[in-house]
Amino acid sequence: MKKVILGMLILISILTLSACKGGEVDERIEIEFWHLSPVGDKSYSQVKQIIRDFNESQDVYYVNGTGFSFWDYWDKLNIAVASNTAPDVGFSTIDDNIHRAERGVLYNISDFMATDIAAGDDTLDIDLFYPSQLRFLTYEDDLYGLPFTATTRMLYYNLDHFAEIGLTEADVPTTWAELETVAKQLDKVDGTDIERIGFDPTYGQGTYMGYLWQAGLDFFNEDLQVTLNTQEHKDILEWMVTFNKEFSRSQLNAFGEANTILGIDPFAAGRVSMMIATDGLYQTLQDYDSSMNYAVAPIPLPDEDGIRVNWGSGFSLELYKNGNELNNKARGSWEFTKYLMSTSVQVEYSEAVGWLMGNKDAMDIVAEGNPIITALVAECEYAVDKVYIPYAPAWHGGDWFQYYDELKAGKLTVQQTLDNARDWYNEKQTNYNDTH
Amino acid sequence: METLKKTSTRKNAFKKLRSEEKKLGYVFASPWLIGLLTLGAFPILFSLYLSFTNYDMISKPDFIWLTNYRILLTNDSLFYKALFNTLYHVAISVPLGLVAGILLALLLNSKIKGMAIYRTIYYLPNVVSVVAMSLLWLWLFQPSFGIVNNLLSPIYEFLDMEPLLWYQSSDMSKMTLIIMGLWLVGGSMIIYLAQMQDIPTELYEAADIDGANGLQKIIKITLPLMTPSIFFNFIMGLIGGFQVFTTSYIMTQGGPGNSTYYYSYYLFDKMMVDNAMGMASAMAWILLVITLVITMVALSLNKYVFYLGDQT
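Residues numbered from 1 in each chain as written. Chains lettered and ligands numbered in written order. Predicted model: local features only at pLDDT ≥ 70, side-chain atom pairs only at ≥ 80, totals over all residues.

Thoughts on the overall build of chain A
Item 1. Helix and strand content of chain A: 18 helices and 16 strands.
Item 2. In chain A, buried positions account for 39% of the 436 residues.
Item 3. Relative to all contacts within chain A whose residues are 6 or more apart in sequence, the contacts with residues 24 or more apart total 73%. (Helix = DSSP H or I, 4+ residues; strand = E, 2+ residues; numbered from the N terminus. Buried ≥ 20, exposed ≤ 12 C-beta atoms within 10 Å, placed from the backbone. Contact = placed C-beta atoms within 7 Å.)

Now the structure itself:
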């Protein structure tokens, strides 16, 4: 009896261990692909199908896809790249691609394309992608990643609110002066409580760097030295934080907290009439099945001479070397990359996850008949990513917010905010130079 | 002569017993020791090496000697800010946690009906995830709509003052997180309670005969006999206090204005945001030295600890 039980245990163990390998056992070269649609995500099945379609078309390569939550993905990828255990193909961020390219952890995409052309094979048509995104993925004249997705920021406006005060789409502001006029008409107050705000430059995706770009300014100059030292820099920041100066700080705090408690985007909740947001807000409104009558427009400019530009980030598709030289795995990764970047698959991916994709032809197909997506796609032409600063990779995030938050709380003046931020960036640069 | 022989045999037997106990001690500790040597020792020593390099998690590390340490100690304004925030947290949260834990344990040491339920309720927060707990307290401390300010509103009115902004104010944020941390005091309370129940009842009976009142019994009997667990919780609180991170990461993201930007948070950002693994490793070693020095100083308080078995 004991022998029977022992035999069964061994058999179960063998079967269990064999199952760990996965269903498919063949001679094909396995490619590891990391994406952002984990099990349980609404897009999981469709992304899995996209990978399956590739595998069914292949005799030589087999792609094994693994999905991670957005919030886990980046730390996992960073650690994996550091330990040469990154996937063969994976998403990363466009703005800091150059950091990885410079350090030699990525395969050179231009080399793959040149090899295709030399062999008379089909290769990717680079004209399908936004030049501004390709620029960020170019290191020493060669491409080290491809723009898998695109993002843009626009002004969302609530037409129901407009109609309520007798305004129409013709009244949508195009300059900051018009924005202020319209916004003040849309404000709604009940006693001391703010019920609705027309617009607030600090809400949603309204960023200081975005407003600076519109005025032809930036945080850093071409030599990556911090600026933030002109009267214009000061004026723009002042404009941002005093836009709703007729309300007290406690009124604005209470309004902001109420938005947080609702747990819904303030524009989606109808508490803000106009707000700068990414294409993600369109998806949010779709998910809520909102009956709100709204539209999107380019972000108003400082004045008629302002520059039409918005912050457009996105995911890059990169091929990780993991310490290896060019091999069959890398060639397979390139085949899969071409497949993922093709127009038809980009359409499928966009429909699965709701992202704007890097392939312009694909987005024309997705946007057909949808005025909001059409407008968002058109604005991608004016989207620019933030520059990568090696000594302060989070210059637009934590490095800036430590002072910006204090300014919004009334603890720092505009001048102090800019001075402190400038000192901090300079300190970081000095320290970085001392260690490199 | 016979007595001397007997004493010597007893001594040898005692020595043998001690040696066997020692061996057994190592056997029981071996799983942890093997884990430390195989899984922990290399990363620990490697981080020491990395602290002398400019490793950015991608490129090959270059040896830069003590540059990371020099920069952190002499030219990094946020280093001292983060260190101050952490010391502030430790200096207030550790004693406060000790006092709250002892008071709770004294309350829950009474012999009233349903005490097991009370003890469970007070311990329950310790099994709740820190993330869930942080989000819950975020709501409770909401300045305009939170329960805390609603409960305090009569006091605000009486004092004619604005409601506290709690975690939204750089003046109050550290204190908010400390107050929130008291919710977990049930963990140390269990240890105090266990020790309290170990105190021989004869001591209280003798005190009763001598006419001692409740407070006198607590001061003269309970607290002195609880010093081993107080000391244990104090040391553990110190070590844990220097590693404070999660609540700030979830609730305040280090803000407002870096007021809750703790040392471990800065270390994390150095590694994950600035890609400065070498610098982060140096920070980890500096933290180790600070914790070690403070713990060693704290360990000198051991002479005030009363161990019940020692006097026999």
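Structural notes on the domain arrangement of chain A
Residue and element names in this part refer to chain A.
Item 1. Taken domain by domain, chain A consists of domain 1 (27–150 + 313–384) and domain 2 (153–200 + 243–311).
Item 2. For domain 1 and domain 2, the distance between their C-alpha centres works out to 34 Å.
Item 3. With ten residues of domain 1 in contact, the opposing surface of domain 2 contributes eleven residues.
Item 4. Put simply, the parts of the chain that give the side of domain 1 that touches domain 2 at least two residues each are helix H16 (371–379) and strand E16 (383–384).
Item 5. Counting residues per element, the side of domain 1 that touches domain 2 draws most heavily on H16, which supplies four residues.
Item 6. Residues of the side of domain 1 that touches domain 2, tallied by class, amount to seven nonpolar, two polar and one charged. (Domains from an automatic or database assignment. Nonpolar A, V, L, I, M, F, W, Y, C, P; charged D, E, K, R; others polar.)

Focus: the confidence of the model for chain B
Residues and elements named next belong to chain B.
Item 1. Of the residues in chain B, 97% have a pLDDT of 70 or more, and the chain-wide mean is 92.
Item 2. When pLDDT is averaged over each element of chain B, helix H2 (residues 67–74) comes out on top at 98 and helix H1 (residues 2–50) at the bottom at 84.
Item 3. Both confidence scores are given for the complex: pTM 0.89, ipTM 0.87. (pLDDT = per-residue confidence, 0-100.)

What to know about the interface of chain A and chain B
Item 1. Counting residues at the interface gives 26 residues for chain A, matched by 25 residues for chain B.
Item 2. Broken down by class, the residue content of the side of chain A that touches chain B amounts to nine nonpolar, eight polar and nine charged.

Re the sheet that holds strand E8 (residues 153–158) of chain A
Residue and element names in this part refer to chain A.
Item 1. Taken in spatial order, the three strands make up an open sheet running E11-E8-E12, and their pairing is antiparallel. On the outer flanks of this sheet lie strand E11 (274–278) and strand E12 (294–297), each paired with one strand and no other. Across this sheet, the average inter-strand angle for adjacent strands is 35 degrees, counted without regard to direction.
Item 2. Strand direction decides the pairing type here: E8 and E11, joined by five bridges, are antiparallel. Opposite Met154, over in E11, you have Ala277 as the bridge partner. (Pairing = 2+ DSSP bridges. Axes fitted to C-alpha atoms, helices over the stretch in contact; angles between N-to-C directions.)

Here we look at the sheet that holds strand E14 (residues 315–319) of chain A
Two orientations exist for strands paired in a sheet by backbone hydrogen bonds: parallel and antiparallel.
All names here are of chain A.
Item 1. Spatially, five strands are ordered E2-E1-E3-E14-E6 in an open sheet, and the strand pairing comes out mixed. Here the strands that pair on one side only, and so sit at the sheet edges, are strand E2 (61–67) and strand E6 (146–147).
Item 2. Note that strand E3 (residues 89–93) and E14 share five bridges and pair antiparallel. Pairing of Ser92 across the sheet is with Ser316, part of E14.
Item 3. Here helix H2 (residues 44–56) sits on the sheet and contacts strand E1 (29–35) and E2; the angle it forms with E2, its principal contact strand, is near 170 degrees.

A look at unusual backbone geometry
Residues and elements named next belong to chain B.
Item 1. In the segment running from Gly255 into Pro256, the intervening peptide bond is cis, with an omega of -10 degrees.
Item 2. In this fold, Pro256 is placed in the loop between helix H11 (246–252) and helix H12 (263–272).
Item 3. A positive phi angle is found at Asn258, which is not glycine, with a value near 65 degrees.
Item 4. Structurally, Asn258 is set in the loop between H11 and H12.
Item 5. In this structure Asn258 comes out as buried when scored by C-beta crowding, with 24 C-beta atoms within 10 Å.

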